[in-house]
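# Fold and contact review
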Amino acid sequence: MRTVITGGAGFIGSHLCDHLVARGHEVICIDNLLTGKAENIAHLMGNSHFRFIKHNVSDYIYVDGHIDNILHFASPASPVDYLEYPIQTLKVGSLGTLNSLGLAKVKKARFLLASTSEVYGDPQIHPQKEDYWGHVNPVGPRGVYDEAKRFAEAMTMAYHRYHRMDTKIVRIFNTYGPRMRIKDGRALPNFMYQALRNEDITVYGNGSQTRSFCYVSDLVDGIYRLLNSDEHEPLNIGNPEEITVLQLAKEIIALTESKSKIVYKPLPIDDPRIRQPDISKAKRILCWEPKISRDEGLRKTLNYFKDVLSNNLIA
Ligand code: UDP
């Protein structure tokens, strides 16, 4: 199996590179390192089953030889990142998806799109099932990510229907674990960074908004099963254990035995009020469900961030 992973130097992409190399795939990682990091794949450099190409997939992609699978994971994914790079986010979701699909078509490869729970926007249905169409503000600041991913899904389904390509769409809910950037601006790394330094923990709004956090190894296992399945319709992969953001902050303070205090900051525009995946479809068709408890996942992630801080690798 020869597999291309766009965004392969990112948080999730690099774990996918590891997973596929370990299963005998020859992996070609393409990343422009906008939000990905060379450190995430440094351990794979020199491995004869791994190759890195520094390239922006919003521009035409060239890869020689045959390809069996293309996994399109390139995109800024933290709200802070996509607010900083709005045009790049729109381009990689649209042009990047088009180029990746075009490559898959010419190579007769299977294609898997990394989509997101953000396609549901600020949901009016709870928990979110795959047949829910979502509640997205197209012109708000988050629209650059949400609409790019919605477009990417539409494009993927069009290639599936029109060109009869073998395509998959995974809707990824909040995921965490080692190789997240400690300063990517998301709640979980922010809270860990702040707690480890005994700084104020910044809860946005009153903290009653909910999220459901999935440990990265569970996500990667689900994606691998989806890749090898016959499913073409979008599929939720996430951990349905839902908590409030305030509860997350308290759990991280307790885990780190931090002296940090919680402070409240304004809620970002269009911040989803609730989010929880309905994973009954993944359970049914992939026999998949998450295995790592939040306590275990938070501990593993904390150890990673402690290393990042002690080695001064903050970026
Ligand atoms: N959040 C917060 N404090 C922070 C960062 C984020 O309270 O320092 C909130 C944010 O407003 C949202 C939730 O935590 O309600 C999750 O945000 P995150 O950026 O992790 O991801 P999202 O699920 O919004 O994409």
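Parameters and conventions
Residues numbered from 1 in each chain as written. Predicted model: local features only at pLDDT ≥ 70, side-chain atom pairs only at ≥ 80, totals over all residues. Heavy atoms only, no water. Salt bridge = Lys/Arg side-chain N within 4 Å of Asp/Glu carboxyl O. Buried < 20%, exposed > 50% of the residue type's maximum accessible area, 1.4 Å probe, protein only. Helix = DSSP H or I, 4+ residues; strand = E, 2+ residues; numbered from the N terminus. Axes fitted to C-alpha atoms, helices over the stretch in contact; angles between N-to-C directions. Left-handed = near helix turned anticlockwise from the far one by under 90°. Contact = heavy atoms within 4.5 Å. Nonpolar A, V, L, I, M, F, W, Y, C, P; charged D, E, K, R; others polar.

### Here we look at the pattern of salt bridges
For the structure on display, the rule yields 23 salt bridges. Arginine 197 is paired through a salt bridge with glutamate 199; the nearest N and O atoms lie 2.9 Å apart. Under the relative-accessibility criterion, arginine 197 is labelled partly exposed at 40%. Residue aspartate 221 pairs with lysine 291 through a salt bridge whose shortest N-O separation is 3.7 Å. A residue pair is termed long-range when its members are at least 10 positions apart, and aspartate 221 in helix H6 (residues 216-227) and lysine 291 in the loop between helix H8 (280-286) and helix H9 (294-310) qualify at 70 residues. On the basis of relative accessibility, which here comes to 16%, the residue aspartate 221 falls in the buried class. The structure contains a network of salt bridges with shared partners spanning Glu118, Arg142, Arg211, Asp271 and Arg275.

### Structural notes on the packing of helix H5 (residues 187-196) against helix H7 (residues 245-256)
At a closest axis distance of 10 Å, the pairing of H5 and H7 adopts a crossing angle of 35 degrees. Both H5 and H7 take part in a crossing whose hand is right-handed. Here Ala187, Leu188, Phe191, Met192, Ala195 and Leu196 of H5 come into contact with H7, specifically with Val245, Leu248, Ala249, Ile252 and Thr256. Classifying every residue of the contact of H5 with H7 gives 10 nonpolar, 1 polar and no charged.

### Digging into unusual backbone geometry
Going from histidine 126 to proline 127, the amide bond is cis rather than trans, its omega being -10 degrees. At asparagine 198, a residue that is not glycine, the phi angle is positive and equals roughly 55 degrees. With respect to the secondary-structure elements, asparagine 198 resides in the loop between H5 and strand E8 (201-204). A residue is classified by how much of its surface remains accessible, and asparagine 198, at 42% relative accessible area, is partly exposed. Located in the positive-phi region is aspartate 270, a residue other than glycine, with phi close to 65 degrees. With respect to the element layout, aspartate 270 can be found in the loop between strand E13 (262-265) and H8. Aspartate 270 gets classed as partly exposed once you look at its relative accessible area, which sits at 32%.

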